[in-house]
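Each chain is listed here by its residues.
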Amino acid sequence: MEETRRLPVHVSIIMDGNGRWAKERGKERVYGHFEGVESVRACTEAAVETGVKYLSLFAFSEENWGRPDQEVNTLMELMFKSMQNELPTFLKNDIRFVVLGNRARLSDKLNAGIDDLMARTASCSRLTLIVFLSYSGKWDILQAARKMAEAGADDLEPFLVTAGFPDPDFIIRTSGEQRLSNFLLWQGAYSEFYFTDILWPDFRKDAFREALAEYARRDRRYGKVK
Ligand code: IPE
Ligand code: IPE
Ligand code: MG
């Protein structure tokens, strides 16, 4: 098999372990979130360098709203600031930025920032960077089912928030947890999974490349016989 076929088109990451990373250093959990932004930068760069076309990141789940207010507020503020900071990098590297999730739960300020960044990077095509915010797989399936019924259609996929984007070939989860935590339940039906003990703030370029090397060794059969 030639090398390009061994490269996942869409890599998705459940970025976990920020709180533990901070705790190990005797710091507040939010400190881990700040450092996690550096890993987002590193992995985005690595995706561009390796030729991955879609990188998606699970940044905040519907269930994460249940965390203490202070942590939720800091995370939302961090999303807003990071997005503002990244515009020049996105344009320079031809990166299209997309946010998917239950946008109705986000603040007007954050939604305006997201709309602006999505519009400004809409014609970029080297890498599509998808950030899942206020997302859960069950919520996605439910909202799609409602729309499907309303439209009298019989295919769910066009109504999922991920419509138009390829399913993730490879789902990475950091921090040693081996679960989906309500991430891409439908879209992950045939994804390859990769679990690493590395905490998200320590997951940088080398770790990303190592994960891709493991993907290249996988044999995907989709229920068929080869
Ligand atoms: C991942 O790190 C970031 C989010 C879920 C927002 P955590 O905050 O879950 O860190 P741990 O899992 O408690 O270490
Ligand atoms: C999953 O991490 C959600 C994100 C990475 C955004 P969590 O830390 O919320 O998941 P659980 O609680 O360990 O399952
Ligand atoms: Mg966690």
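Residues numbered from 1 in each chain as written. Chains lettered and ligands numbered in written order. Predicted model: local features only at pLDDT ≥ 70, side-chain atom pairs only at ≥ 80, totals over all residues. Heavy atoms only, no water.

### Regarding the environment of L75
With respect to the secondary-structure elements, L75 resides in helix α3 (residues 69-92). A residue is classified by how much of its surface remains accessible, and L75, at 9% relative accessible area, is buried. When near neighbours in sequence (up to four residues on either side) are disregarded, L75 contacts H33 and F60. (Helix = DSSP H or I, 4+ residues; strand = E, 2+ residues; numbered from the N terminus. Buried < 20%, exposed > 50% of the residue type's maximum accessible area, 1.4 Å probe, protein only. Contact = heavy atoms within 4.5 Å.)

### A look at the site of ligand 1
Taken together, 13 residues are adjacent to ligand 1, and D16, G19, R20, R29 and R67 come closest. Backbone polar atom of N18 to an oxygen atom of ligand 1: 3.1 Å apart, as the coordinates give it. A distance of 2.9 Å separates an oxygen atom of ligand 1 from a polar atom in the backbone of G19. Coverage of ligand 1 by the protein chains reaches 87% of its 370 Å² of free accessible surface. Elements represented by at least two residues in the shell around ligand 1 include exactly α1 (18-24), α2 (29-50) and α3. Looking at the shell around ligand 1 element by element, the count peaks at three residues for α1. Among the residues making up the shell around ligand 1, the classes are represented as three nonpolar, five polar and five charged. (Near = heavy atom within 4 Å. Polar contact = N/O pair within 3.5 Å; in protein donor to acceptor, adjacent residues only side chain to side chain. Areas by Shrake-Rupley, 256 points an atom, 1.4 Å probe, with all protein chains shown as cover. Nonpolar A, V, L, I, M, F, W, Y, C, P; charged D, E, K, R; others polar.)

### Observations regarding the site of ligand 2
Around ligand 2, the neighbouring residues are I14, M15, D16, F58, A59, F60, S61, N64, R67, R173, R179 and S181. Interatomic distance of 2.9 Å between a side-chain N/O atom of N64 and an oxygen atom of ligand 2. Here S181 contributes a side-chain N or O atom positioned 2.6 Å from an oxygen atom of ligand 2. Mapping ligand 2 onto the cavity grids shows that it belongs to the largest pocket. For the shell around ligand 2, the element with the highest residue contribution is strand β2 (residues 54-61), accounting for four residues. In terms of residue class, the shell around ligand 2 is built from five nonpolar, three polar and four charged. (1 Å grid on protein atoms, 1.4 Å probe; cavity = no way out; pocket = protein on both sides within 12 Å on 5 of 7 lines; lining within 4 Å. Sits in = over half its atoms within 2 Å of the grid points.)

### Topic: helix α6 (residues 205-216)
Taking 1.5 Å per residue, 12 residues should reach 16 Å; α6 reaches 17 Å between its end C-alpha atoms and fits that length. The complete set of buried residues in α6 reads A207, F208, A211, L212, Y215 and A216. Tucked inside the fold, the buried residues of α6 contact β1 (10-14), α2, β2, β5 (170-173) and β6 (192-195). (Expected span 1.5 Å × (residues − 1).)

These values are about where atoms sit, not about what they do.
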